[in-house]
Amino acid sequence: MPLSPKKHQWRRRPLPPTSPPSKAPATAEPAAPAPVHKDQGSVVQAALYREGNRVATPDSLAETFRKLREFPDGMAWIGLHRPTEAEVHSLADEFDLHELAVEDALEAHQRPKLERYGDTLFVVLRAARYLDAQEEVEFGELHVFLGKDFLITVRHGAAPDLSAVRRRMEETPELLALGPEAVLYAILDAVVDGYAPVVAGVQNDIDEIETEVFSGDPEVSRRIYELSREMVEFQRATRPLVGMLHALMAGFAKYGTDEELQRYLRDVADHVTHTSERVDGFRQALTEILTVNATLVTQQQNAEMRALAEAGFEQNEEIKKISSWAAILFAPTLVGTIYGMNFETMPELSWDFGYPFAICLMAVVCVSLYFIFKRRHWL
């Protein structure tokens, strides 16, 4: 049945985690607190609803099954976190779940998908949340079994917070009365809304990376690589959702989906498309930043190599000068050393012009070497 605009308070975009819950309609009964069954293994929340209001809060799966039989027109909403194999198989036996879907729910690590097994719809979603302290994106996995009178959620990871979805739905009983499909759309909306803080956090990281790239931070390459890997994972979580939601919208007429739920689903699809486009843009931006960083690193390396080459060239010039002067000084030293030996039978020892000849010889050799080195630009 159509809902009046005043009672559409279950959808708020964006929905901050600290926002106070909207006021329930005056005709609705006060929502019962969501139980946490610490003594029932992996069962986090279990409740039975009738005409949008909670009528029972079972303490175990067995009691949930019994209560559902007592209220054939009711709806069971069972939430599990990392369930055991026995728990999942008990659900499979009670609600006739397909063995392939059960296997996927147990093993996890599935990509987002939507599959129909007879009257049961099986949905896999990838939730995400941004960790400010680590500047990382953490992903969780959610499996949803949807039947005529039941909805089962199997959660692997911290996200999303389905207790908030349950509270929001219980505060709007006229929407909850539309059945498991309404709950599925609320879960889809919560998962998609959870992408908004991730997108904002990643955008901030990219802005910081751009600053680090042009400031020459040596650690920026590692940060770009890690963020690129997270964007690949984020893309795998968001891109399949577009096709999944379009598949759900294609079945509106066949399965007689309520008009209000159709509007909600179209709104969720618009947000998924926008998020997917943003993620694609992030991947492209990181690829371009990595290319720019590689170019800047190469330029820096070339500048360092050029500086080393120039320093080596200057050093070679200095060595040439030193070697030239050493050769010039070596010539007179050689002549003086030879004629300084104490031998009586050496030629020119008794020659009157021996000393002037030796001086002239040293001067001629030094001057000749000087002009030779000067012509070769060693001096």
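Going by the structure above, here's the rest.
Residues numbered from 1 in each chain as written. Predicted model: local features only at pLDDT ≥ 70, side-chain atom pairs only at ≥ 80, totals over all residues. Heavy atoms only, no water.

Before going further, it helps to examine the overall build of the protein chain. Each helix and strand in the protein chain was counted, giving 11 helices and seven strands. A total of 379 residues make up the protein chain; the buried ones form 42% of that total. Long-range contacts, defined here as pairs at least 24 residues apart, represent 64% of the contacts in the protein chain between residues at least 6 apart. Carbon and sulfur atoms form 56% of the exposed surface of the protein chain, whose accessible area is close to 21,300 Å². (Helix = DSSP H or I, 4+ residues; strand = E, 2+ residues; numbered from the N terminus. Buried < 20%, exposed > 50% of the residue type's maximum accessible area, 1.4 Å probe, protein only. Contact = heavy atoms within 4.5 Å. Areas by Shrake-Rupley, 256 points an atom, 1.4 Å probe, with all protein chains shown as cover.)

So, about the pattern of salt bridges. Applying the stated rule across the entire model yields 16 salt bridges. Across the pair E226 and R222 runs a salt bridge, and its minimum N-O distance is 3.2 Å. Of this pair, E226 and R222 are both found in helix α8 (residues 220-250), four residues apart, which corresponds to roughly one turn of the helix. You can call E226 partly exposed: its relative accessible area is 38%. With a shortest N-O distance of 3.7 Å, K320 and E317 are connected by a salt bridge. Within this pair, K320 and its partner E317 are both found in helix α10 (residues 259-339), separated by three residues, close to a single helical turn. One salt-bridge network, in which partners are shared between bridges, spans D205, E208, E212 and R223. (Salt bridge = Lys/Arg side-chain N within 4 Å of Asp/Glu carboxyl O.)

Looking now at the packing of helix α6 (residues 180-193) against α10. Describing two packed helices takes the angle between their axes plus the distance from one axis to the other. Axis separation between α6 and α10 bottoms out at 10 Å; the angle between their running directions is 20°. In terms of axis orientation, α6 runs roughly parallel to α10. As for the relative orientation of α6 and α10, their crossing is left-handed in sense. Contact with α6, carried on its side by E181, A182, Y185, L188, D189 and V192, involves L261, L265, V268, H271 and V272 of α10 and no other residues of that element. Taken together, the residues of the contact of α6 with α10 break down into eight nonpolar, one polar and two charged. (Axes fitted to C-alpha atoms, helices over the stretch in contact; angles between N-to-C directions. Parallel < 35°, antiparallel > 145°, perpendicular 65-115°, else oblique. Left-handed = near helix turned anticlockwise from the far one by under 90°. Nonpolar A, V, L, I, M, F, W, Y, C, P; charged D, E, K, R; others polar.)

Turning our eyes to something else, we now look at α6. Residues lying three or four places apart along an α-helix face the same way, a consequence of the helix completing one turn every 3.6 residues. A rise of 1.5 Å per residue sets the reference length of α6, with its 14 residues, at 20 Å; its end C-alpha atoms lie 20 Å apart and thus fit the reference within 8%. Buried residues dominate α6, accounting for 13 of its 14 residues. (Expected span 1.5 Å × (residues − 1).)

Right, let's get into the side chain of Q45. Mapped onto the fold, Q45 is located in strand β1 (residues 43-50). The buried category is assigned to Q45, whose relative accessible area is 8%. At 2.4 Å, the side chain of Q45 and the side chain of R166 are in polar contact. (Polar contact = N/O pair within 3.5 Å; in protein donor to acceptor, adjacent residues only side chain to side chain.)

Counting across every chain of the model gives nine aromatic pairs. Ring geometry for F65 against F95: centres 5.6 Å apart, planes inclined by 80°, an arrangement best described as edge-to-face. Here F65 is found in helix α1 (residues 61-70), whereas its partner F95 is found in helix α2 (residues 85-95), with 30 residues between them in sequence. When sorted by exposure, F65 lands in the same class as F95, which is buried. (Phe/Tyr/Trp six-rings, centres within 6.5 Å; stacked < 30°, edge-to-face > 60°.)

Quick look at the side chain of T64 now. If you trace the backbone, T64 turns up in helix α1. For T64, a relative accessible area of 1% translates into the label buried. Residues within four places of T64 in sequence aside, it is in contact with A46, P58, A76 and I78.

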